[in-house]
Amino acid sequence: MQDEEIARQNRNPAIERMMAILSELERRPNGLGLKRLAESTGVTRSTVYRILNSLVAHDIVRQLDSSDYVLGSRLLSLADAVTVSSLSSKVAITAQPLLDGLSFSLGETCKASVYDRGFVVVVAVAPGRKAHALHAQVGEYLPIHAGGASKVLLANLPAPEVDRLLERTLTRFTEQTICNQDELRRELKQVRDQGWARDHGEFNISINSYAAPIRNRADEVVAAISVPFLAGRDAAYESIVLDAALATAQKISAAIG
């Protein structure tokens, strides 16, 4: 206990307060306002305000139109050496304003994800404003075989990498999860042929989604965007979501170059 007390005394109070703020934002991916951040961290409102201004200036945190704060894309570039490739930072920075526009238009949470060593990692999120919008956060790792973005990315990996991944035991998350290799390969071929994927509740039975590929100048799939929504929506709404996802993925692809 004495060693712990000495360690605490040798910490920087400003850094401790900053980490308290970042930890709260990590737990609340849809954002928190200044007042709520001050209350939840126990840091004075004026101090939280000054710290947030510095974090926003460095893109560690960004402010939404609602005035709430969420984690920013700069965190990805800081984490590149630990997690995903430097391309992920470019995808995140390029995709973010377009995801924000898509989320504002649909009211649903929108995500951009990349492939990383056998999994899918979320690199950009635009929180939805609907009450039932999915919660998602940057840095979240997801299975490679279940979900819209996962299938888009898996379908466009080199064949030897796909073979290696499908040799693993595929976890069944819901009754809709495709765990049979042959069935999954047929699904992946369909995703490649049509240029998009639909999640039928493969990771969460109550959540469906549409996902579309983000391509570089060489027409290689480098990322995917996905728009999750509550299961049970009608065909007209699903068509709107799919069209919007495809159009936004094309815009991001063009911007990445």
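Calculation rules
- Residues numbered from 1 in each chain as written.
- Predicted model: local features only at pLDDT ≥ 70, side-chain atom pairs only at ≥ 80, totals over all residues.
- Heavy atoms only, no water.
- Helix = DSSP H or I, 4+ residues; strand = E, 2+ residues; numbered from the N terminus.
- Rg over C-alpha atoms; globule rule 2.2 N^0.38 Å.
- Buried < 20%, exposed > 50% of the residue type's maximum accessible area, 1.4 Å probe, protein only.
- Contact = heavy atoms within 4.5 Å.
- Areas by Shrake-Rupley, 256 points an atom, 1.4 Å probe, with all protein chains shown as cover.
- Lys, Arg positive; Asp, Glu negative; His and termini not counted.
- Charge placed at Lys NZ, Arg CZ, Asp CG, Glu CD.
- Axes fitted to C-alpha atoms, helices over the stretch in contact; angles between N-to-C directions.
- Parallel < 35°, antiparallel > 145°, perpendicular 65-115°, else oblique.
- Left-handed = near helix turned anticlockwise from the far one by under 90°.
- Nonpolar A, V, L, I, M, F, W, Y, C, P; charged D, E, K, R; others polar.
- Core = buried A, V, L, I, M, F, W, Y, C linked by side-chain atoms within 4.5 Å.
- Phe/Tyr/Trp six-rings, centres within 6.5 Å; stacked < 30°, edge-to-face > 60°.
- Lys NZ or Arg CZ within 6 Å of the ring centre and 35° of its normal.
- Polar contact = N/O pair within 3.5 Å; in protein donor to acceptor, adjacent residues only side chain to side chain.
- pLDDT = per-residue confidence, 0-100.

If you tally the helices and strands in the chain, you get 10 helices and 8 strands. Expected size for 257 residues packed as a compact globule is a radius of gyration near 18 Å; at 20 Å, the chain falls within 12% of this value. The C-alpha extent of the chain, read off along each of the three principal axes, is 60 × 40 × 40 Å. In the chain, which comprises 257 residues, the share counted as buried stands at 47%. Taking all contacts inside the chain whose residues are at least 6 apart in sequence as the whole, residues at least 24 apart take part in 55%. Within the structure as shown, the chain displays about 13,000 Å² of accessible surface, and the carbon and sulfur contribution to it stands at 52%. For the chain, the distance from the average site of its 29 positive side-chain charges to the average site of its 30 negative ones is 4 Å.

Further remarks concern the packing of helix H2 (residues 13-27) against helix H3 (residues 34-41). Two packed helices can be described by the angle between their axes and the distance between those axes. Between H2 and H3, the least distance of the axes is 10 Å, while the angle of their chain directions is 110°. When the axes of H2 and H3 are compared, the pair comes out roughly perpendicular. When you trace H2 past H3, the crossing you get is right-handed. Judged by residue contacts, Ala20, Ile21, Glu24 and Leu25 of H2 engage Leu37, Ser40 and Thr41 from H3. Residues of the contact of H2 with H3, tallied by class, amount to 4 nonpolar, 2 polar and 1 charged.

To continue, consider the nonpolar core. Ranked by internal contacts, the top residues of the largest apolar core, which has 29 residues, are Leu99, Leu102, Ala112, Val123, Ile214, Ile225 and Val227. Of all the secondary-structure elements, those providing two or more residues to this core are helix H6 (86-106), strand E3 (110-116), strand E4 (119-126), strand E7 (207-215), strand E8 (221-230) and helix H10 (235-256). Looking at this core element by element, the count peaks at 8 residues for H10. Counting residues in hydrophobic clusters, the runner-up holds 25 residues, among them Val120, Ala155, Ile178 and Val191.

Relative to the assigned elements, Glu238 resides in helix H10. Each residue touching Glu238, except ones within four places of it in the same chain, is listed here: Arg198, Asn208, Tyr210, Phe229 and Arg233.

Remark: helix H7 (residues 148-155) packs on helix H9 (residues 181-194), axes separated minimally by 9 Å, with the N-to-C direction vectors making an angle of 85°. With respect to their mutual orientation, H7 and H9 come out roughly perpendicular. When H7 is examined against H9, the residues Lys151, Val152, Leu154 and Ala155 are found in contact with a partner set consisting of Leu184, Glu187, Leu188, Val191 and Arg192. Of the residues in the contact of H7 with H9, the class split is 6 nonpolar, no polar and 3 charged.

Under the defined criterion, the tally for this structure stands at 5 aromatic pairs. Measuring from centroid to centroid gives 5.7 Å for Trp196 and Tyr210, while their planes differ by 65°, and the two rings are edge-to-face. On the criterion of sequence distance, the pair formed by Trp196 in the loop between H9 and strand E6 (197-199) and Tyr210 in strand E7 is long-range, its members being 14 residues apart. For the ring pair Phe229 and Tyr237, a centre distance of 6.1 Å and an interplane angle of 80° mean the geometry is edge-to-face. The buried category is assigned to Phe229, whose relative accessible area is 1%. Site record: aromatic cluster; members linked through ring pairs are Trp196, Tyr210, Phe229 and Tyr237. Lying across the ring of Phe104, Arg129 places its NZ or CZ 5.4 Å from the centre. Over the aromatic face of Phe119 sits the side chain of Arg168, whose NZ or CZ is 5.6 Å from the ring centroid.

This brings us to the environment of Lys130. Mapping Lys130 onto the fold places it in the loop between E4 and strand E5 (141-143). On the basis of relative accessibility, which here comes to 26%, the residue Lys130 falls in the partly exposed class. In this structure, the C-alpha to C-alpha distance between Lys130 and Ser103, residues 27 residues apart in sequence, is 9.8 Å. When sequence neighbours within four positions are dropped, the list of residues in contact with Lys130 reads Leu106, Gly107, Glu108, Arg233 and Tyr237. Of the polar contacts made by the side chain of Lys130, one reaches the side chain of Tyr237; its length is 3.0 Å.

Once that is clear, we can look at the confidence of the model for the chain. Model confidence for the chain is summarised by a mean pLDDT of 89, while 92% of its residues fall at 70 or above. For the chain, helix H1 (residues 2-9) is the element with the lowest average pLDDT, namely 61, and E6 is the one with the highest, namely 97.

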